[in-house]
Amino acid sequence: MSTHPILAALRKHKAGVVLIALQIALTLAIVCNAIFIIGQRIERVHRVTGIDESNLFLVTQQWVGAPDADDPAGIEKLDSMQREDLAALRSMSDVASVAPINSVPLLNSSWNGSLSLKAGSELRKGGTRTTFYFGDENMISTLGVRLIAGRAFTVADVQHRSLHDQTEPSVVIVTKAIADKMFPGGNAVGKAMYVDGSTTPTTIIGVVERLQVPGTGSWTNTFVYNATLEPLRIDANFARYVVRAKPGRMEAAMRLMPSTLYKVNPMRVLDEDSVKSFADIRAEAYRADIGMAILMGVVCLVLLGVTAAGIVGLTSFWVGQRHRQIGVRRALGARKIDILHYFQIENLMIAGGGAIVGVALAVGLNAWLMKHFEMDRIPVAYVLVGLVALVALGQAAVFVPARRASNVSPIEATRAV
Amino acid sequence: MLAYYIELAVRSLKRSPGLTILMVLTIGFGVAASMTTYSVFRAVSGDPIPWKSSQLFVPQIDMWGPTGRGADGEPPDAMDYTDAMKLVRDHRAKLQSAMYQISPSIVPADASKHPITTSGHAVNSEFFPMLDVPFQYGSGWAAADDEQRAAVVVISSKLNQKLFGGANSVGKTIDIEGKDYRVVGVLNNWNPQPRFYDVVNSGGFSTGLDDVFLPFDRAIALAMANNGNTNCNEIPKESGFVGLQHSSCVWIAYMAELDDASAVNTYREYLDGYAHQQQQSGRFAWAPNNRLRSLPDWLDSEHVVPSDTKVSLLVALGLLIVCLVNTAGLLLAKFLRRSSEIGVRRALGAQRNSIYAQFLTEAGIVGVAGGVLGLLLTGLGVLSVGWVLPKEIATLARVDFVLLALTLLIAVVATLLAGLYPTFRAARVQPAWQLKSN
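These numbers were taken from a predicted model, which means no experiment stands behind them.

Trainee: Where do I start with the overall build of chain A in this structure?
Mentor: Each helix and strand counted, chain A has 10 helices and 13 strands in total. Whereas a compact globule of 417 residues would reach a radius of gyration of roughly 22 Å, chain A reaches 32 Å, over 25% beyond that. For chain A, the spread of C-alpha atoms along the three principal axes comes to 105 × 50 × 35 Å. The 417 residues of chain A split such that 46% are buried. Residue pairs at least 24 apart in sequence account for 81% of intrachain contacts in chain A once pairs closer than 6 positions are excluded.

What follows is the structure in structure tokens.
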């Protein structure tokens, strides 16, 4: 079919054509960027932490009138209080294993620093950024992190000190991400390096496959899997314990947790946030991301619905307006399918034109968002899929009015309006 | 005449109910999406202390030098102990306070109850008058209490409710971390959002309430742990809480009240003079790189309004524009379909203006109907933001008269705008042409 008559007819409806094309262009621009945002959020939420998340929960508690962590006797006392707690938790029948820990992935409470191959380097600008996990010999097994080289911590490795003490441990375990970055040649085990600009070397004794940092903000994007594990119990007026319950016994273990700890020592604070399952920690960490994805999804649905309805509305009007001409064409020998094709091709031209403008708008909007917000460049695939989707939406929307047009009887030609 | 146009419009809208419903739905959804996201944006971008925010300033001192600066050359956004104490002691602003976040536990007098944990800040006495903190009972403490490291405390109305059943507790004693404190003031439901006096630690918004305020120097003397962020450019040379105080690690928030431009300039000069003096004494090996931002500028530079909120608002506004373009297209179709009716009216003597009035009335009615639907959907939207947004932000969004009025107004104005071009086209219909073709 020649496109010439279609173009000639479009020229008679400039305003309507421009409005539909503009609507399709804007819809494409917004939907592409919204879907891109959704895709990025889903990708973020699906990052693996590297730990075995089932049956895992975290206990955070604070002692009242705790001994002073700045004097040696106080540290010893705090450490014995912590060990008493650990012993009590380990003796619970529903508990498989327990480790003291300063934080867990996604908790958004972290202790960060840097590792360097040089002694005494700058803390913030030299070396490899890392988060630190402090825990005892049970930390790796309780978290369920996979050790892929070297050995795990033993009881003999584990030290204890206050939060503000700056002595660095003699041995650490690092993630594969760190090992690969610092020792690209491989075999990081047994190598020495320097923690936090220290001048005394620390030896890497093991490498774990993967362990995510506690922070989930965009500031951690550069070191998501850079974690260093230190064999250390931190002695402070508070303590955190990561607990792995026996399969299926997590609820029971969590329920018994407060009474078990109060029995060891009642002078402590446990509130509603003190005992938290890892599933809850994960949900809280990604709540904003999931919310944003849902919001963008709703906006996309409304947009596509409105645009489809708009196409149906305007095309129906055109069909009504051209009843007589359609009748004439049918009388002159056009088949039903020709009329159907006429409206489909007409819509393809309008939607195609709008979508091409829309592609430019989508890329422009993305560039603007990149400039003003933390946003990545939109991959071409998103824009192309958006283009195809909107043209398909246009075809689907035009089908009903176009079919009605094709059913116009040739007799209409003889009627005087 | 208006009544006649309304009658005409209603009759016309009834003639094509499908198209009418489509337009009303379009306007309703477009306006509701925009107003729902706007309600969230309005909640998080508001000024927490509008009558005074232009007089409140946050000084920043560059104690880290080039190695600690971000890519934008900004100094740290908090203070170390040395500099914060120097600024408090020099007392160059009208009012000022250093602050750090604490989380002391409170032991109830009733021995059968478990201790409770609280969140709070260690502050100087001038904190309360500087921020116009409202009191239900009593007041803040005196400057002398700062110096004497007095065991005094200001508590929130919520904690007062919990411990004293809401009665006037001024003069009563509570046990904080094993020591007795005299209550000197009870706040009157003070919960500013964003938590502007310590944005660095609250991230702007928080669901928790600050329950206790203690004298800064007392908290330091008792080595009450800092519960907020600590950022270091180098590892402290000494250990313990004292080591932290002697280090250049930043963990203290600071705010000063400066009432006019000359006071601001004087204070700026004072800060630069101080940094210069530190440079001469050899503590800083770099030129002064201070900042002194007013509270609104400070909230802006700390990105207190989440970028998600801004992007959502923009996307929703985009949706509204698409809805308007859509409505314009539908109105155009609807109006031009009645060309012959217009032709007859014009031939019978109707002025162009009458045609304008008639069709804009019709657009306006669609706008009002869309606005009413938009009101309902906005109400639903604001109620359901709790499902998708983080708690600390979702709880701030609320429906009020201004939001509802704005919803209706935007719906009507937007629909009239969308109706302008279709009406213009309708008014240009040539009567002779239409009559002839019939």
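Trainee: Would you mind going over the overall build of chain B with me for this structure?
Mentor: Helix and strand counts for chain B come out as 17 helices and 12 strands. In terms of its C-alpha atoms, chain B occupies a principal-axis envelope of roughly 100 × 60 × 35 Å. A sequence separation of at least 24 residues applies to 78% of the contacts in chain B between residues at least 6 apart.

Trainee: What exactly am I supposed to notice about the domain arrangement of chain A here?
Mentor: For interface size, the figure often reported is the accessible area lost on association. Partitioning chain A into domains gives domain 1 (4–46 + 285–414) and domain 2 (65–266). The straight-line distance from the C-alpha centre of domain 1 of chain A to that of domain 2 of chain A is 54 Å.

Trainee: Before we go on, may I ask you to explain the nonpolar core in this structure?
Mentor: In summary, soluble globular proteins display a tendency toward joint burial of nonpolar side chains. If you look at the biggest cluster of nonpolar residues, it comprises 152 residues, and the most contacted ones within it are V242 and V243 of chain A together with M99, A122, V153, I252 and Y254 of chain B. Sequence-distant contacts of I252 of chain B, defined by excluding residues within four places in its chain, comprise A78, M79, Y81, A84, A98, M99 and Y100 of chain B.

Trainee: How do you make sense of the interface of chain B and chain A when you look at a structure like this?
Mentor: If you look at the interface, chain B gives 54 residues, while chain A gives 53 residues. If you list the elements that add at least two residues to the side of chain B that touches chain A, you get α2 (17–45), β3 (105–107), β4 (116–117), α9 (240–246), α12 (307–336) and α16 (401–427) of chain B. Considering every element that reaches the side of chain B that touches chain A, the biggest residue donor is α12 of chain B, with 19 residues. Residues that form the side of chain B that touches chain A fall into these classes: 31 nonpolar, 17 polar and six charged.

Trainee: Would you explain the packing of helix α14 (residues 352–388) of chain B against α16 of chain B in this entry?
Mentor: Each pair of packed helices can be described by the angle between their axes along with the distance between the axes. Residues and elements named next belong to chain B. For the pair α14 and α16, interaxial distance at closest approach is 7 Å and the crossing angle is 150°. With respect to α16, the axis of α14 lies roughly antiparallel. Regarding α14 and α16, the two cross each other, and that crossing is right-handed. Here the contact of α14 with α16 is composed, by residue class, of 16 nonpolar, 10 polar and one charged.

Trainee: Hey, could you run me through α12 of chain B in this one?
Mentor: Residues spaced three or four apart along an α-helix point in a common direction, a consequence of the helix completing one turn every 3.6 residues. The first and last C-alpha atoms of α12 of chain B sit 44 Å apart over 30 residues, in line with the 44 Å expected at 1.5 Å per residue. Most of α12 of chain B sits inside the fold, with 24 of its 30 residues counted as buried.

Trainee: Sorry, what's going on with the pairing of strand β9 (residues 202–208) of chain A here?
Mentor: Taken residue by residue, a regular strand's side chains alternate between the two faces of the sheet. Residues and elements named next belong to chain A. Of all seven residues making up β9, six are buried, and the element is well covered by its neighbours. Note that strand β7 (residues 171–175) and β9 share five bridges and pair parallel. Counterpart to I173 in the pairing with β9 is G206. Direction of pairing for strand β8 (residues 192–195) relative to β9: antiparallel, over a ladder of two bridges. Paired with M193 across the strands is T202, a residue of β9. A loop of six residues connects β8 with β9, the two strands running antiparallel in sequence, and D196 in this loop sits at a positive phi of about 55°.

Trainee: Any chance you could explain the domain arrangement of chain B here in plain terms?
Mentor: Residues and elements named next belong to chain B. Annotation of chain B at the domain level lists domain 1 (2–47 + 306–437) and domain 2 (62–257). For domain 1 versus domain 2, the separation of C-alpha centres amounts to 51 Å. If you look at the interface, domain 1 gives six residues, while domain 2 gives four residues. The greatest single-element share of the side of domain 1 that touches domain 2, amounting to three residues, is contributed by helix α15 (residues 391–394). Residues of the side of domain 1 that touches domain 2, tallied by class, amount to three nonpolar, one polar and two charged.

Trainee: Can you walk me through the environment of G171 of chain B in this structure?
Mentor: All names here are of chain B. Topologically, G171 is positioned in the loop between α6 (157–164) and β8 (173–176). Overall, G171 belongs to the exposed group, with 10 C-beta atoms counted inside 10 Å. For the pair G171 and G138, spaced 33 residues apart in sequence, the C-alpha to C-alpha distance is 9.0 Å. Look past the residues within four positions of G171 in its chain and what remains in contact with it is R182 and V183.

Trainee: What's the story with the environment of K237 of chain B in this structure? I'm lost.
Mentor: With respect to the secondary-structure elements, K237 of chain B resides in the loop between α8 (216–221) and α9. For the pair formed by K237 of chain B and S247 of chain B, sequence separation is 10 residues and the distance between their alpha carbons is 7.1 Å.

Trainee: What is the right way to read unusual backbone geometry from this model?
Mentor: Glycine aside, residues mostly have negative phi, and peptide bonds are mostly found in the trans state. All names here are of chain B. Look at the link from Q193 to P194: it is a cis peptide, with omega at -5°. Looking at where P194 falls in the secondary structure, it is placed in the loop between β9 (179–187) and α7 (199–202). Even without being glycine, E177 reaches a positive phi, approximately 50°. Tracing the sequence through the fold places E177 in the loop between β8 and β9.

Trainee: Would you take a moment to explain helix α1 (residues 2–15) of chain B for this structure?
Mentor: In this model α1 of chain B runs 20 Å from its N-terminal to its C-terminal C-alpha over 14 residues, within 8% of the 20 Å that 1.5 Å per residue would give. With zero of 14 residues buried, α1 of chain B lies mostly on the surface of the structure.

Trainee: Would you mind going over the environment of T27 of chain A with me for this structure?
Mentor: Checked against the element boundaries, T27 of chain A lands in helix α2 (residues 14–45). Given 30 C-beta atoms within a 10 Å radius, T27 of chain A is considered buried. Placed 348 residues apart in sequence, T27 of chain A and M375 of chain A show a C-alpha to C-alpha distance of 20 Å. Among residues more than four places away in sequence, those in contact with T27 of chain A are L303, L304, T307 and L390 of chain A together with V322 of chain B.

What counts and what doesn't
- Residues numbered from 1 in each chain as written.
- Chains lettered and ligands numbered in written order.
- Predicted model: local features only at pLDDT ≥ 70, side-chain atom pairs only at ≥ 80, totals over all residues.
- Helix = DSSP H or I, 4+ residues; strand = E, 2+ residues; numbered from the N terminus.
- Rg over C-alpha atoms; globule rule 2.2 N^0.38 Å.
- Buried ≥ 20, exposed ≤ 12 C-beta atoms within 10 Å, placed from the backbone.
- Contact = placed C-beta atoms within 7 Å.
- Domains from an automatic or database assignment.
- Core = buried A, V, L, I, M, F, W, Y, C linked by C-beta atoms within 7 Å.
- Nonpolar A, V, L, I, M, F, W, Y, C, P; charged D, E, K, R; others polar.
- Axes fitted to C-alpha atoms, helices over the stretch in contact; angles between N-to-C directions.
- Parallel < 35°, antiparallel > 145°, perpendicular 65-115°, else oblique.
- Left-handed = near helix turned anticlockwise from the far one by under 90°.
- Expected span 1.5 Å × (residues − 1).
- Pairing = 2+ DSSP bridges.

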